[in-house]
Each structure stands twice: as C-alpha cells, then as structure tokens.
Amino acid sequence: MSLQQYSAEIRGLQTGWWSSTGPEVGKPVLFFIHGFPDDIESWRAQLDLFSGLGYPVVAPYLRGCGPSLRAPDKKRYGRDAVLLDHLEILRQAGEKWGERGIVVIGHDIGGLHAWALARALGSRLKGLVLINAPDIGQLFLRLKSVKQIAKSWYIGAFLIPGIAEKWFGLQGERTIRGARKKGGLKDSHPMPGDVSPLLNHYRAAFADFAQILLKKPEPVFAPVIALVGKDDAFLEVPTMAEFKHYAPQAELRVLDGNHWLQIEQKDQVNRIIQRFVEGASRVS
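Everything numeric in this text was worked out from a predicted model, so none of it was measured.

A.B. asks: I keep staring at the sheet that holds strand E5 (residues 102-107) and nothing clicks. Help me out?
C.D. replies: Strands belonging to one sheet form pairs held by backbone hydrogen bonds; the direction of such a pair is parallel or antiparallel. Taken together, the eight strands give an open sheet; going across it, the order is E1-E2-E4-E3-E5-E6-E7-E8, and neighbouring strands pair in mixed fashion. Looking along the sheet, the strands with just one partner apiece sit at the ends: strand E1 (3-10) and strand E8 (250-255). Each neighbouring strand pair of the sheet contributes to a mean axis angle of 20°, computed without reference to strand direction. Here six bridges tie strand E7 (residues 224-229) to E8, and the two strands are oriented parallel to one another. Directly across from Ile-225, in E8, lies its bridge partner Glu-251. Running at roughly 160° to E5, helix H3 (residues 110-120) makes contact with strand E3 (29-33), E5 and strand E6 (125-131) of the sheet.

A.B. asks: Got a minute to help me understand the nonpolar core in this structure?
C.D. replies: Burial of nonpolar side chains together is a common tendency in soluble globular proteins. Counting 78 residues, the largest nonpolar core has Leu-30, Phe-32, Phe-36, Val-104 and Leu-130 as the members making the most contacts within it. Sorting elements by how many residues they give to this core places helix H2 (residues 79-97) first, with six residues. Setting aside anything within four residues of it in sequence, one finds Leu-130 in contact with Gly-106, Ala-114, Trp-115, Val-224, Ile-225, Ala-226, Leu-227 and Phe-243.

A.B. asks: I keep staring at the packing of aromatic side chains and nothing clicks. Help me out?
C.D. replies: Aromatic rings in a pair are described by how distant their centres are and how their planes are angled relative to each other. All chains considered together, the criterion is met by ten aromatic pairs. Centre to centre, the rings of Phe-36 and Phe-168 are 4.9 Å apart; their planes meet at 65°, and the pair counts as edge-to-face. On the criterion of sequence distance, the pair formed by Phe-36 in the loop between E3 and helix H1 (44-52) and Phe-168 in helix H7 (residues 163-168) is long-range, its members being 132 residues apart. Each member of the pair Phe-36 and Phe-168 is classed as buried. Ring centres 5.8 Å apart and planes at 80° place the aromatic pair Phe-36 and Tyr-202 in the edge-to-face group.

A.B. asks: Teacher, can you tell me more about the pattern of salt bridges here?
C.D. replies: Any two side chains of opposite charge can pair, given that their charged atoms come close. Throughout the structure, instances matching the rule amount to 18 salt bridges. Arg-44 serves as the salt-bridge partner of Glu-41, at 2.9 Å between the closest nitrogen and oxygen. For Glu-41, a relative accessible area of 25% puts it in the partly exposed group. What makes Arg-44 partly exposed here is its relative accessible area of 24%.

A.B. asks: I'm lost on the pairing of strand E4 (residues 57-60) in this one. Help?
C.D. replies: It is a general feature of regular strands that their side chains alternate between the two faces of the sheet. Taking every second residue as pointing to the same face, both faces of E4 are buried, with Val-57 and Ala-59 on one and Val-58 and Pro-60 on the other. Where strand E2 (residues 13-20) and E4 come together, three bridges link them in antiparallel fashion. Across the sheet, the residue bridging to Ser-19 is Val-58, located in E4. In the sheet, E3 pairs with E4 via two bridges, with the strands oriented parallel.

Reading the values: the criteria
- Residues numbered from 1 in each chain as written.
- Predicted model: local features only at pLDDT ≥ 70, side-chain atom pairs only at ≥ 80, totals over all residues.
- Heavy atoms only, no water.
- Pairing = 2+ DSSP bridges.
- Helix = DSSP H or I, 4+ residues; strand = E, 2+ residues; numbered from the N terminus.
- Axes fitted to C-alpha atoms, helices over the stretch in contact; angles between N-to-C directions.
- Contact = heavy atoms within 4.5 Å.
- Core = buried A, V, L, I, M, F, W, Y, C linked by side-chain atoms within 4.5 Å.
- Buried < 20%, exposed > 50% of the residue type's maximum accessible area, 1.4 Å probe, protein only.
- Phe/Tyr/Trp six-rings, centres within 6.5 Å; stacked < 30°, edge-to-face > 60°.
- Salt bridge = Lys/Arg side-chain N within 4 Å of Asp/Glu carboxyl O.

What follows is the structure, given as structure tokens:
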C-alpha cells in the first residue's frame, strides 16, 4: 500500500496532506494530526504500518506547516477553522473510499484539533487516540498544579508575537533540536523545517480560552484511549478523573517514555493502536 501527497485549495488557502491509496474494504479511516514542533514525519512509523495493513490513512499538515500555507488571518488557526479544513480533507479523501468510520489520532497540540474533529464526526467516529494530547480544558485543570506550570512555562512565551518566531523560525534549528532532545527525541529524526507558523495554533487556542471554559465540555462517547509518557517533559501525567466529563469510555495508558511516544516507543504504540482500532471497528 503506497502513500501519496495531495494538495488542494481549501477555503482559499493551499492545504497539503498525505494519504494511502487502495485501502481494503471495510476498514476505518485513520486520521493522524501532528503536533509542534513537528510535521507528519512524526507519524512515519504509524503511516507505514497501517497503510501496509490496508487501512486508509490520512495525515494533514497543520495550517502553516509545509504545503499548508500560513494564513494572514490568525482566526484560520483556531479550532473551528482547522476543523473545517480537516472535514474538507476527509470529504475529498472519501471520494475514492466511500463513507467509512473514522478513528482520529492526535499528538501534542494536534490533540486539540483531534478532540474537535472527534466531536464533529457524530456516528462516523469509531474512536479517538490521544498521545500526550490534552484538550484545552484538561490543560487548564492541570495548570492548577505547580509541577505542570513549571513544565509548561514556555507556552507563555509562545503567546508573544515575534519572540517565539525568532526561536523557532528558519534559523531555529538549534531550538527545535533542544526541544526535541528535552522531549526524548534523538537527532536522527528528520527536522521539519520552518514550524514557526504553528505557534499560531497555541495563540488561537488561548484566544478562545474563556469561551471554551464557560461551556461544559461536549463529551466524546466513542471509545477513547489516552497514551501518556511517564517522563513527559512538557505535560503532567493525567488521572482518570480528568476524563470524567470528556470521555465516558476513556482508557488511560501510562507508558515508559517522554513526549514523542509514537517515535520513542513506536512498536508498543503501534500494537496498542492496532488493537484499539480493531476493537473500535467492531462497535456499531
């Protein structure tokens, strides 16, 4: 099963993604959303495995990354705007596959968009996989912890235009390597290039912070599995109580490892995702 890069103009902006060709009948779409500082290469082990097993896989470049052009309007980085992009990508991919169930898989800030997409899919959602990926409300709850504040101080710097771009722009390879090393990645993993526009996803998320927190979280009733690294340098390990109002069918798995479990522990993560997808696929 091969992977192919696609690009299309979506709501006025060129947008890119990778997807598999010729998947087997009956298997759900696996939709992978990457985080920061990343591109879809962070999912390489999963894309190769699951496309080889006959699953239709889709991995979009988040707005501002790679072929997904950055937007002049910062609102295009918000959850609702990115959600519309992802729904259109799924629609175009579905033209060759037909309407199928979908399992959404998100890492890091890609988790914010994974939660949003999961809520929008209705009965088509077969499951949600989160890898060190809290929803914005969950992150807010963790910020009551001194340990979490100590780990996530950098988000405050991300919200200041200009400063973070200098860290992570085209000349920011040293900064990216430093962040990845802290998160448990080795230098051998491919560098993503200029990821500074992805900072706007953090800014958009926190711009909507008050509006989001004033609402009760809309629960995801499909099966959810959250994989977290025991030694995550950026996020505190959650408790099951945190998922009470977010996902009644949530399962929490704490694995040895840091922030990029899908790379550090790719074999174990792949086995867990495969079992989860096979089980979720049988749920009508």
